[in-house]
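These are the residues of each chain, in order.
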Amino acid sequence: MERQSPLFTVFVYAAALLLAAIILAPILWLFVMSISSAADLSAKPLNWWPEEIDLSRYRLLLSTIENSAGAAFTASLFNSLKVAGMATLAAIAVAIPAAWAVSRTSNVSWSLYAVIATYMLPPVALAVPLYMGLAYLGLLNSVFGLALVYLTILAPFTTWLLKSGFDSIPKEIESAAMIDGARLDQILRLITLPLAAPVMATSALFAFLLAWDEFFYALLFTSDLRAKTFTVAISDLAGGRVSDYGLIATAGVLAALPPVLIGLVMQRALISGLTSGGVKG
């Protein structure tokens, strides 16, 4: 094996630490703001760490008292979980057959790129027809209606990601199973999908994050706690003349926890999915 010089090793570790600091610094500052009092946040010079830790905002936002800010925020978090979860499951269900068909039939690959080209349209250009469609179906201010809108965004994206995973699976494996008498559904269920599981997990995670963080359509198509998501709820916290930036930071910390926990649970599958197809023998 070729030995690396100590200087190069030091450079690699220094670069990794610098990258970690750049990524984690905003998150750490968000947490510091959430536990700082109003006096610490407005002090000059700025206090990089609060003199006294204040957890009152967490108690406020996690409160279950009826008609409180906490009840509204927790309801919006559950709405986001339901919307993102339904949209992700539906997108994966649609993307699996679509991605497999495009991967195995090169003649129809143009259709995928044509659908992905719709991402070039600004969201505001689709707002009116989507609004009219949801109004006609009676799905305005509905968790299901918002998930349906997100499905139109996530399905092309997840299909594109899954196609790259199916491309890395040799067609000869499926052909051999077909010669042995396996049906198409058996080939997909027993061979192709297990081999593509890491890419499927990665696609599901990215789809969930896209739906979780979406704001524009959630703002347009929801109006109360029946369907309002946490992104709209956080904007409501900043909507007054005087904003409690510590409260907004607290909401940001709480909203970041679900995707972080999901990412930690799916870490191995995520890394495997991201590197899938990077090296072919």
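Up top you'll find the structure we're talking about.
Residues numbered from 1 in each chain as written. Predicted model: local features only at pLDDT ≥ 70, side-chain atom pairs only at ≥ 80, totals over all residues. Heavy atoms only, no water.

Chemist: I'm lost on the pattern of salt bridges in this one. Help?
Modeler: Using the criterion set out here, one finds six salt bridges in the structure. A salt bridge links E174 to R104, with the shortest nitrogen-to-oxygen separation between them at 3.0 Å. On the criterion of sequence distance, the pair formed by E174 in helix 8 (residues 171-179) and R104 in helix 4 (residues 69-104) is long-range, its members being 70 residues apart. Across the pair, R104 and E174 agree in class, each one buried. Across the pair D224 and R226 runs a salt bridge whose closest N-O atoms are separated by 3.0 Å. A residue is classified by how much of its surface remains accessible, and D224, at 26% relative accessible area, is partly exposed. (Salt bridge = Lys/Arg side-chain N within 4 Å of Asp/Glu carboxyl O. Helix = DSSP H or I, 4+ residues; strand = E, 2+ residues; numbered from the N terminus. Buried < 20%, exposed > 50% of the residue type's maximum accessible area, 1.4 Å probe, protein only.)

Chemist: Where do I start with unusual backbone geometry in this structure?
Modeler: Leaving glycine out, the prevailing phi sign among residues is negative, and the prevailing peptide bond configuration is trans. For the peptide bond that leads from K44 to P45, omega is 0°, which places it in the cis range. Relative to the helices and strands, P45 resides in the loop between helix 2 (38-41) and helix 3 (56-61). The backbone of N141 shows a phi angle near 55°, a positive value even though the residue is not glycine. For N141, the position within the fold is in the loop between helix 6 (123-137) and helix 7 (143-167).

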